[in-house]
Amino acid sequence: MLMVSIEQQRSFVSVAEDTVKKEQEEINRNELRKQAFPMLGWSMTFLIIALIAAVFGFTGIVSAAVGIAKFLFVVFLILFVLSLLFGRRSIR
């Protein structure tokens with residue numbers, strides 16, 4: 001029969017709690033990434049629309065799509081810089 005001391009049991013529980021915390025932090029980081037990338041996706045979508053329209057020579061569509069793509073890119077860039085400066089910090 002295998003006997004495990006109370007200290008070993010506490011050690012096992014501590015390791016398990018640390019593992020759960022690390023997994024939860026990874027899940028939280030993944031959720032933040034999912035929330036951040038749609039704006040970049042919209043910016044890239046309008047850029048692609050502008051490039052395709054430029055190939056076909058639709059100048060009115062090109063200027064509108066480029067304008068929207070530039071605006072979304074600037075907004076995304078500003079939010080990115082702000083998140084670097086004032087991002088979430090873990091409390092330890």
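Quick caveat: nothing in here was measured; it's all calculated off a predicted structure. (Residues numbered from 1 in each chain as written. Predicted model: local features only at pLDDT ≥ 70, side-chain atom pairs only at ≥ 80, totals over all residues. Heavy atoms only, no water.)

Draft legend 1. Broad picture of the overall build of the chain. On a plain count of helices and strands, the chain comes out with two helices and zero strands. Per-residue burial over the chain gives 9% buried out of 92 residues. In the structure as shown, the chain presents an accessible area of about 8100 Å², 70% of it carried by carbon and sulfur atoms. (Helix = DSSP H or I, 4+ residues; strand = E, 2+ residues; numbered from the N terminus. Buried < 20%, exposed > 50% of the residue type's maximum accessible area, 1.4 Å probe, protein only. Areas by Shrake-Rupley, 256 points an atom, 1.4 Å probe, with all protein chains shown as cover.)

Draft legend 2. How the structure looks around the environment of Met44. Inspection of the secondary structure puts Met44 in helix H1 (residues 6-56). Met44 sits 28 residues away from Leu72 along the chain, and the two C-alpha atoms are 9.0 Å apart.

Draft legend 3. Local environment of the environment of Ala50. Looking at the secondary structure, you find Ala50 in helix H1. Ignoring anything within four residues of it in the chain, the contact list for Ala50 reads Val62, Ala65 and Val66. (Contact = heavy atoms within 4.5 Å.)

Draft legend 4. Spatial organisation of the side chain of Ser43. Structurally, the position occupied by Ser43 is in helix H1. Take Ser43: its relative accessible area is 3%, and that puts it in the buried class. There is a polar contact of 3.5 Å between the side chain of Ser43 and the backbone oxygen of Ala69. Ignoring anything within four residues of it in the chain, the contact list for Ser43 reads Ala69, Leu72 and Phe73. (Polar contact = N/O pair within 3.5 Å; in protein donor to acceptor, adjacent residues only side chain to side chain.)

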